[in-house]
Amino acid sequence: MSEARDVEMKGEEYDSTAETREIVQTIEQSFNLLEKAATLFDNRYVSKVLRDFAPLRKKLPSHEQALPTVINNTFPDSNPAKKDLLKLFNASPIDHSDANKVQTFIPEVELYIYLLIQVYLLDTDQLQKLNELSTHLVKLMNQYNRRSLDFIQAKVWFYISRGKELTNDLLPVRTDLLYSLRTASLRHDIETTASIITLLLRNYLLSHDIQQASNLVEKVVFPENAANALVARYYYYLARINAVQLDYTTAHECVIAAIRKSPQTKSTNGFMQAATKLNIIIELLMGEIPELKTFKSKTGSYEPYFNVTKAVRLGDLKLFGQVLKTYEDAFKRDDNFTLVSRLRQNVIKTGIRIISLSYSKISLKDICIKLHLDSEESTEYIVSKAIRDGVIEATINHQQGYMQSNEILDVYSTRLPQTEFDHRIKFCLSLHNDSVKSMRFPNDDDKQPVNKEVEPSDEVELLKAIEEGDLDDFMD
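Being a predicted model, the structure only gives us computed values, none of them experimental.

**Overview of the overall build of the chain**
And then number 1: Summing up its helical and strand segments, the chain has 25 helices and 3 strands in all.
And then number 2: Considering the chain as a whole, with its 476 residues, one finds that 40% of them fall into the buried category.

**Some points on the side chain of Glu165**
And then number 1: By the element assignment, Glu165 lies in helix H8 (residues 150–166).
And then number 2: A polar atom in the side chain of Glu165 sits 2.9 Å from the side chain of Arg162.
And then number 3: Excluding residues within four positions of it along the chain, Glu165 makes contact with Leu170, Arg202 and Leu206.

**Brief notes about the nonpolar core**
And then number 1: Counting 123 residues, the largest nonpolar core has Ile27, Leu60, Tyr112, Ile117 and Val308 as its most contacted members.
And then number 2: Of all the elements, helix H6 (residues 107–123) adds the most residues to this core, at 12 residues.
And then number 3: Two domains each provide a minimum of three residues to this core, namely domain 1 (20–93 + 103–168) and domain 2 (359–405).
And then number 4: Each residue touching Val308, except ones within four places of it in the same chain, is listed here: Leu284, Phe320, Val323, Phe331, Val340 and Leu343.

**Some remarks on the pairing of strand E2 (residues 394–397)**
And then number 1: Only one face of E2 is buried: it carries Ala394 and Ile396, and the other face, with Thr395 and Asn397, is open.
And then number 2: Two strands pair when backbone bridges link them, and E2 and strand E3 (residues 402–405) are joined in this way by 4 bridges, in the antiparallel orientation. The partner of Asn397 across the bridge, within E3, is Tyr402.
And then number 3: Here E2 folds back onto E3, and the loop between the two strands holds 4 residues, one of which, Gly401, carries a positive phi near 70°.

**Structural notes on the sheet that holds strand E1 (residues 361–363)**
And then number 1: Read across the sheet, 3 strands follow the order E1-E3-E2 without closing on themselves; strand pairing throughout is antiparallel. Each edge of the open sheet is held by one strand with a lone partner, namely E1 and E2. With strand direction ignored, the average angle separating the axes of adjacent strands in the sheet is 20°.
And then number 2: Together, E1, E2 and E3 form the strand contacts of helix H21 (residues 364–371), whose direction differs from that of E1 by roughly 75°.

**Details of the packing of helix H20 (residues 343–358) against helix H22 (residues 376–388)**
Between two packed helices, the angle of one axis relative to the other and the distance separating the axes together describe the packing.
And then number 1: Direction vectors running N to C along H20 and H22 enclose 80°, while the axes themselves pass 10 Å from each other. It follows that H20 is roughly perpendicular to H22 by the angle criterion. Mapping the contact onto sequence places Ile348, Lys349 and Ile352 in H20 and Ile382, Val383, Lys385 and Ala386 in H22.
And then number 2: Here the contact of H20 with H22 is built from residues that sort into 5 nonpolar, no polar and 2 charged.

**Things to note about the packing of helix H11 (residues 210–219) against helix H12 (residues 228–244)**
And then number 1: With their axes 10 Å apart at the nearest point, H11 and H12 run at an angle of 125° to one another. In terms of orientation, H11 and H12 fall into the oblique class. Here the hand of the crossing between H11 and H12 comes out left-handed. Contacts from Ile210, Ala213, Ser214 and Val217 of H11 reach H12 at Tyr234, Leu238, Ile241 and Val244.

**Some details on helix H4 (residues 66–74)**
And then number 1: H4 sits mainly inside the fold: 8 of its 9 residues count as buried.
And then number 2: Those residues of H4 that sit buried are Ala66, Leu67, Pro68, Val70, Ile71, Asn72, Asn73 and Thr74.

**Section: the packing of aromatic side chains**
And then number 1: Across all of its chains, the model carries 8 aromatic pairs by this definition.
And then number 2: On the numbers, 6.5 Å between centres and 90° between planes, the contact of Phe31 with Tyr112 is edge-to-face. Of this pair, Phe31 sits in helix H1 (residues 2–40) while Tyr112 sits in helix H6; the two residues are 81 residues apart in sequence, bridging distant segments of the chain. Considered together, Phe31 and Tyr112 belong to a single accessibility category, that of buried residues.
And then number 3: Ring pairs connect the aromatic residues Phe222, Tyr234 and Tyr235, which therefore count as one cluster.
And then number 4: The ring of Phe337 is capped by Lys332, whose NZ or CZ atom sits 5.3 Å from the centre of that ring.

**Observations concerning the confidence of the model for the chain**
And then number 1: In the predicted model, the chain carries a mean pLDDT of 78, and 84% of its residues have values of at least 70.
And then number 2: Averaged pLDDT values over the elements of the chain bottom out at 48 in helix H25 (residues 471–475) and peak at 91 in H12.
And then number 3: The low-confidence segment residues 1–15 (pLDDT under 50) makes 0 contacts with residues lying over four places distant or belonging to another chain.
And then number 4: Low confidence marks residues 450–455, where pLDDT is under 50. Its contacts with residues over four positions away, or in another chain, come to 2 contacts.

**Some remarks on the side chain of Asn242**
And then number 1: Looking at the element boundaries, Asn242 is found in helix H12.
And then number 2: Not counting residues up to four positions away in its chain, the partners in contact with Asn242 are Asp247, Tyr248, Thr250, Ala251 and Cys254.

**Description of the pattern of salt bridges**
And then number 1: The tally for this structure, following the rule as stated, stands at 11 salt bridges.
And then number 2: Here Arg57 makes a salt bridge to Asp123, at a shortest N to O gap of 2.9 Å. One end of the pair, Arg57, is in helix H3 (residues 53–59); the other, Asp123, is in helix H6, and 66 residues separate them in sequence.
And then number 3: The salt bridge involving Lys426 is made with Asp422; its shortest N-O contact spans 3.5 Å. Here Asp422 and Lys426 lie together in helix H23 (residues 416–440), a separation of 4 residues that amounts to about one turn.
And then number 4: Under the relative-accessibility criterion, Lys426 is labelled exposed at 52%.
And then number 5: Counted as one network, the salt bridges with shared partners bring together Arg162, Glu165 and Arg202.

Each value, and the rule that gives it
Residues numbered from 1 in each chain as written. Predicted model: local features only at pLDDT ≥ 70, side-chain atom pairs only at ≥ 80, totals over all residues. Heavy atoms only, no water. Helix = DSSP H or I, 4+ residues; strand = E, 2+ residues; numbered from the N terminus. Buried < 20%, exposed > 50% of the residue type's maximum accessible area, 1.4 Å probe, protein only. Polar contact = N/O pair within 3.5 Å; in protein donor to acceptor, adjacent residues only side chain to side chain. Contact = heavy atoms within 4.5 Å. Core = buried A, V, L, I, M, F, W, Y, C linked by side-chain atoms within 4.5 Å. Domains from an automatic or database assignment. Pairing = 2+ DSSP bridges. Axes fitted to C-alpha atoms, helices over the stretch in contact; angles between N-to-C directions. Parallel < 35°, antiparallel > 145°, perpendicular 65-115°, else oblique. Nonpolar A, V, L, I, M, F, W, Y, C, P; charged D, E, K, R; others polar. Left-handed = near helix turned anticlockwise from the far one by under 90°. Phe/Tyr/Trp six-rings, centres within 6.5 Å; stacked < 30°, edge-to-face > 60°. Lys NZ or Arg CZ within 6 Å of the ring centre and 35° of its normal. pLDDT = per-residue confidence, 0-100. Salt bridge = Lys/Arg side-chain N within 4 Å of Asp/Glu carboxyl O.

Now the structure itself:
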């Protein structure tokens with residue numbers, strides 16, 4: 001038995017070592033693509049590396065020796081950061097003299113290794129080390145001005161902000177984010193600009209600085225050519241800002257845009273669930289009832305929001321209070337408790353509307369009892385406001401204390417058809433304008449170079465001169 005166990009242990013150790021070696025080879029193969037991106041100024045190679053980033057990330061926590069091996073093989077011995085990085089893994093530097101060592105150490109490779117270290121520290125819950133590394137990364141990224149780093153820098157900034165968020169240290173990182181936003185905007189770095197704008201909005205919303213977030217939206221221009229994931233995230237934060245500021249129409253348009261722009265993959269289920277929950281609340285605040293199929297979605301559980309919708313639809317204030325108390329923790333966890341609390345007025349309005357349709361004449365005291373309101377006096381004010389807002393068609397007899405409902409003979413004599421027709425016209429016009437705009441201008445990728453005098457051999461040198469700012473020397 002003991003010999004069989006020894007053989008089994010050796011087999012497991014061998015398999016683990018072989019898989020670790022395979023991960024190291026995968027990482028080092030991605031370095032070749034990054035070198036091509038830096039040489040040819042083509043970010044498609046960087047995009048290919050980042051597409052393989054998610055499956056690689058899942059393997060790193062179970063293979064602790066993969067990243068120390070990559071650091072030892074890649075970082076030069078003269079680089080002062082090599083020892084500090086190896087200390088994060090409790091490893092020591094190894095002197096390599098073989099030919100397999102990576103000869104070129106470019107910023108793209110360096111920053112990509114830092115990105116892998118970030119996700120490893122995040123997935124292994126080493127947040128203190130992650131935040132210490134973030135300080136060094138901010139200084140390092142400020143040293144480089146290369147467009148081939150744009151996509152990697154955007155991801156690095158995300159994990160810097162994520163580490164600060166998990167340790168509830170939101171305020172100090174704002175200064176670095178704002179400074180980097182200005183730098184990225186001046187460099188026309190679309191990906192980093194879009195990423196930092198969404199990170200700042202998330203930072204403000206988590207600390208409940210709604211006015212600061214609104215000011216940022218007014219003063220910055222979100223890049224139109226950003227990735228769909230960043231655009232969806234930006235629209236989601238816009239929806240939250242407008243919902244808090246009582247602009248429910250704009251908030252509804254933004255959250256619908258966020259749901260449509262979001263990539264339809266399994267990794268976005270969490271985002272889709274958060275956006276759908278926000279959309280349900282906004283529709284309820286607008287006086288609309290969400291469709292039943294919304295709550296039967298496979299992306300998540302919406303039981304608290306279904307019960308809230310049920311209370312609003314029935315106009316039952318007592319049921320609404322019970323739901324709010326039962327699912328208070330769930331609403332706070334989703335950061336929707338404030339918006340859900342506002343639905344109390346909608347519940348009261350719905351209850352009054354149901355009563356006005358059921359009774360042609362009813363006393364204010366009976367309304368107070370049916371809606372579980374505080375007093376008859378507050379009931380009179382609430383009914384008066386409902387009449388003024390056009391929720392119900394009725395009159396109040398203040399002396400005798402009753403409400404008289406007006407008889408509605410024809411629905412077309414009300415404002416309802418006009419409102420619905422107006423909504424449809426606005427939607428059609430918006431769809432038409434977006435379609436015309438998308439057909440008017442070609443994509444930047446489709447544009448062919450006009451200057452045919454530049455030979456292919458000189459094209460790389462010309463691009464390099466533009467990148468380094470030495471265009472005058474090249475022309476001479």
